[in-house]
Amino acid sequence: MAIQSVRGMPDILPEQAGAWRYLEQTAQRIFNAYGLTQIRTPIVEDTALFARSIGDVTDIVEKEMYTFEDRSGDSLTLRPELTAGVVRAAIEHGLLHNQTQRLWYQGPAFRYERPQKGRYRQFHQIGVECFGIADARMDVDLLEMTDQLWKTLGIRSSVTLEINSIGSPEARGAYRLALVDFLASVRDQLDADSQARLERSPLRILDSKNASTQALLADAPSLIDYLTDDDRQHFELLKEGLSEANIDFVVNPRLVRGLDYYGRTVFEWTTQALGAQGTICGGGRYDGLVEHLGGRATPGVGFALGMERVVLLMEALQVIPDTYQTQADVYLMPQHPHCESAIRQLARALRTQFPELRVMTHIGGGSLKSQLKKADRSGAGIGLIIGEAELDDRQVVFKPLRGGEQLTLAEVEIFNRISELKDTSWTT
Ligand code: ATP
Ligand code: MG
């Protein structure tokens, strides 16, 4: 019996990897344009980091973590998200002393969940964390970045921005009392998880995925009515900034997000196109987290997007450019063993001249017909053929593979032709 991949930890095969690369490269380009720098932290952290930062009474810490003892008896955990590690690193290396940081990251995360479309046990996030800036205009900048990313990827019209303010700890304290009052009055009708949370973590009940609990919550008091004046002002500035940037949003007063360390701004980008796993990106402000993890009090705001879900959406909308789904732009075919050297020299010269051009040489002989079949499969738009007839005169057959006239050209002419096609991504 051959060994299989671990349940919920899928491979990303060559035919899918192009979409991933497209997403990664596009995100990196946009982060670059906003002056962000990258941070890379380990996949494994001290278990206590997650318990303390995400919160004991969360789905993640209660039932989703991959925790194990290493050989020296230390309790370690595969990161279920990347924020905690980034904050730990920023404190540990003094990145927050008298300076602000605007960081991005990317990598795998692990949660023991029930695998289904858009929900996996190993999944991947791209995210941003900004430290040292409490101003709501920073939150706006983050949302502009994500808005720009969706636009560039071609998925903007299928996603909606939901925002809310969950206020300062002071506001949440007052709200908590009102919410517990309300929930106690409908206690018997709550799902078991929510009943268990009623005393320890009532706000998390707002985030319940149970449909009948969600229906009950329609009559619950709204956090937004408990905001302090400063919270309110912060939220107004956020909304004004979004309008000024022409970013449509809806205020969802039930949006709280799953993690304990958020305050004020919370947001999610959601889509109807992926069924139950409709949140492709979530984030918000966590002004208390740095101090909570032992650093000097430092405001922070960030987001993380789920790469699997964004890729699923890009696939559903068929927005992935051809060049990310094919292997080659040019496919070179020697028609005789005598022509092998000329073909390989031509390939080398093309790669030198056009570093972006994807050049594949046919290896292994065979008939022209079978070579053309392979050329087609590579996705190339141009076939270049050298047979014995062309060899003597240093000529090359230029064969458009997606329609167009075949020409026999001098080798220098090939370079001119390809140069002309550059602006059309090498398609004839
Ligand atoms: P959900 O409500 O769907 O469980 P979450 O609130 O637990 O999401 P976050 O912790 O906010 O998710 O993580 C940010 C993003 O990472 C999510 O919006 C989602 O796109 C993605 N994500 C979270 N968990 C998974 C998973 N198990 N598989 C794939 N993507 C995930
Ligand atoms: Mg979750």
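Everything here concerns the structure above.
The rules behind each value
Residues numbered from 1 in each chain as written. Chains lettered and ligands numbered in written order. Predicted model: local features only at pLDDT ≥ 70, side-chain atom pairs only at ≥ 80, totals over all residues. Heavy atoms only, no water. Helix = DSSP H or I, 4+ residues; strand = E, 2+ residues; numbered from the N terminus. Buried < 20%, exposed > 50% of the residue type's maximum accessible area, 1.4 Å probe, protein only. Contact = heavy atoms within 4.5 Å. Areas by Shrake-Rupley, 256 points an atom, 1.4 Å probe, with all protein chains shown as cover. Lys, Arg positive; Asp, Glu negative; His and termini not counted. Charge placed at Lys NZ, Arg CZ, Asp CG, Glu CD. Pairing = 2+ DSSP bridges. Phe/Tyr/Trp six-rings, centres within 6.5 Å; stacked < 30°, edge-to-face > 60°. Lys NZ or Arg CZ within 6 Å of the ring centre and 35° of its normal.

Draft legend 1. Quick peek at the overall build of the protein. Check the secondary structure of the protein and you find 15 helices and 16 strands. With 428 residues in all, the protein has 50% of them scored as buried. Excluding contacts between residues fewer than 6 apart, the proportion of contacts in the protein whose partners are at least 24 apart in sequence is 70%. Surface summary for the protein: the accessible area is close to 20900 Å², and the carbon and sulfur share equals 47%. Positive and negative side-chain charges of the protein, numbering 46 and 58 respectively, have mean locations separated by a distance of 4 Å.

Draft legend 2. Seen up close, the sheet that holds strand E7 (residues 160-165). One open sheet holds the eight strands; their spatial order is E1-E5-E6-E11-E10-E9-E7-E8, and the pairing between them is mixed. Bordering the open sheet on either side are strand E1 (37-38) and strand E8 (250-251), each of which pairs with just one other strand. Note: strand E10 (residues 279-285) against strand E11 (residues 300-306), five bridges, orientation antiparallel. By the bridge assignment, glycine 284 is partnered in E11 with glycine 302.

Draft legend 3. Region of interest: the packing of aromatic side chains. Within this structure, the stated rule accounts for eight aromatic pairs. Between phenylalanine 354 and phenylalanine 415, the aromatic rings sit 6.3 Å apart at their centres with planes inclined by 25°, giving stacked as the arrangement. With phenylalanine 354 in the loop between helix H12 (340-353) and strand E13 (359-361) and phenylalanine 415 in helix H15 (residues 411-421), the pair connects residues that are 61 residues apart, well separated along the chain. Ring-pair connections join several aromatic residues into one group, and the members of that group are Phe31, Trp104 and Phe303. It is arginine 121 that lies over the ring of tyrosine 112; its NZ or CZ is 3.9 Å from the centre. It is arginine 417 that lies over the ring of phenylalanine 398; its NZ or CZ is 5.7 Å from the centre.

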